Amino acid sequence: MPEPPAGGAAVRSARRRAGVTLRRLARDIGVSVGTMSAIENDKVRLTVERLQQIARCLDVPVNRLLEPPVVAEDGATRPLAAHPGEWRIFDELDLDPVLSSAIEVFSETGYHGATMRVIATGADISVPGLYHHYPSKQHLLVALLEIALHDLEWRVVAAGKDVDDPVDHFVLTVEALALYHAERAELASLALTEIRSVEEPNRERLTAVQRRVREALEEAATTAVRLGRFTAPDVRTTTRAISTMCLTLPYWFPESREAAELGPARLARHYAGLALAMMRPVAAAQPAPPVQENRTH
C-alpha cells in the first residue's frame, strides 16, 4: 500500500487540540516517545495503518492528519496554522529519557564537556544502548535543537495569525517570543548557546529557523510602519533589540523570585508592552470636546 504524504505537523496540532500528551499517544499506538516525536517532526514517514491508528486515538478523521505542509518559495517548510490561542499552551515535551538526560548534561557542562557515558548514566541506559538510538553526541544535540526551534517557530507564526490588526499582530508576535523563552527556558538557552556546536549541513538548516523567527517579527513591525501605525525610524535595529530582550529571558527568569511571582504569561505581556513602546505607536485620535454654547441670561 502506498504511503501517504508526511503529516507530522498536522498530527502534532491534532494531538494538542485533543489534549493528549506525546507520551500518551506514543503508548496508545505502541511506539516509543522518541519515535512519536520523530513522526511529528517528519523524521519518520507515516504509513496508512499508522495514520489510522493515530486518528482513532485522537478521535479525528484521517484526512485531518494529511494536511500538506506550507512550503514557501525558498523551499522551506512553514508550520501549519494552529487554532487561536493554541500557541499559549505549553504541554510537557515528553522527551525520551536519553534526550531528557542530554538536556541536563548539556546545560550543566556544555556540549563539549558532555560525554555519552554521563548521558547514558542519567538516562539509566547502557552506553551501547545509547549508541543504538543516537549514534553520536552530535545526533543528540541536533535532535534537541530541532525540537526547540520548531516549537518556537510554529508558536510565533500562529500568534500573528490570531489577529488582523497590524499592531495586534506585532504585539502577539513579541508575546509569543517572550512566552516561549520563559516557559521553555532550559531548552531555549541550549538552542541559543550551543547552535554554534552544530555541524553542517544541520547548522544552516537550524539557523534558518532562527532567521525566520527574526524575520517574522521584523515583517510584523515593518507592516505596521508602512500603514502609519508605528513611527520607529529604524525597524531592523529596534526589532533586533526586542528579540535580544526576549532571548535573554532564560538567563535570569528561572532564578528570579519577582519573575516567578509574576509568571510567564504576565511577564510575556509586559515584554510585549515594552516592545510596543519601542516602536513608537501612533496615538489614537481623540474625539473633539463638545462645543460649549455661550448663552446670555
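Scoring rules and cut-offs
Residues numbered from 1 in each chain as written. Predicted model: local features only at pLDDT ≥ 70, side-chain atom pairs only at ≥ 80, totals over all residues. Heavy atoms only, no water. Helix = DSSP H or I, 4+ residues; strand = E, 2+ residues; numbered from the N terminus. Expected span 1.5 Å × (residues − 1). Buried < 20%, exposed > 50% of the residue type's maximum accessible area, 1.4 Å probe, protein only. Polar contact = N/O pair within 3.5 Å; in protein donor to acceptor, adjacent residues only side chain to side chain. Patch = residues over 30% accessible without salt bridge, like charges linked within 9 Å, V, L, I, M, F, W, Y side chains within 5 Å. Areas by Shrake-Rupley, 256 points an atom, 1.4 Å probe, with all protein chains shown as cover. Salt bridge = Lys/Arg side-chain N within 4 Å of Asp/Glu carboxyl O. Phe/Tyr/Trp six-rings, centres within 6.5 Å; stacked < 30°, edge-to-face > 60°. Lys NZ or Arg CZ within 6 Å of the ring centre and 35° of its normal. pLDDT = per-residue confidence, 0-100. Contact = heavy atoms within 4.5 Å.

Student: Please clarify how helix 9 (residues 166-183) should be interpreted in this entry.
Tutor: Structurally, the α-helix is built with 3.6 residues per turn, so residues lying three or four positions apart point the same way. Look at helix 9: 26 Å from first C-alpha to last across 18 residues, which is about the 26 Å you get at 1.5 Å a residue. With 15 of 18 residues buried, helix 9 lies mostly within the body of the structure. Near the N-terminus of helix 9, the side chain that reaches the backbone nitrogen of Val 167, with its oxygen 3.0 Å away, is that of Asp 165.

Student: What exactly am I supposed to notice about a nonpolar patch on the surface here?
Tutor: There is a patch of nonpolar side chains on the surface, built from Leu 192, Tyr 251 and Trp 252 and spanning about 280 Å² of accessible area. Within the fold, Trp 252 resides in helix 13 (residues 249-252).

Student: When you look at the packing of aromatic side chains in this model, what are you seeing that I'm missing?
Tutor: Each aromatic ring pair is characterised by the separation of its centres together with the angle its planes make. Per the counting criterion, the structure on display carries 3 aromatic pairs. With 5.2 Å between their ring centres and 75° between their planes, Phe 170 and Phe 230 make a pair best called edge-to-face. A residue pair is termed long-range when its members are at least 10 positions apart, and Phe 170 in helix 9 and Phe 230 in the loop between helix 11 (202-226) and helix 12 (235-247) qualify at 60 residues. Exposure class is identical for Phe 170 and Phe 230. Each is buried. Relative to Phe 253, the ring of Trp 252 has its centre 6.4 Å away and its plane inclined at 70°; by these criteria the two rings are edge-to-face. For Trp 252, a relative accessible area of 32% translates into the label partly exposed. On the basis of relative accessibility, which here comes to 10%, the residue Phe 253 falls in the buried class. If you follow Arg 155 out to its NZ or CZ, it ends over the ring of Phe 90, 3.7 Å from the centre.

Student: Quick question: what am I supposed to make of the confidence of the model for the protein here?
Tutor: Where the model shows low pLDDT, its predicted coordinates should not be examined in detail. Overall, the prediction assigns the protein a mean pLDDT of 85, with 88% of residues at 70 or greater. Low confidence marks residues 1-5, where pLDDT is under 50. Its contacts with residues over four positions away, or in another chain, come to 14 contacts. Note on residues 69-75: pLDDT is under 50 here. Beyond four places in sequence and across chains, it has 10 contacts.

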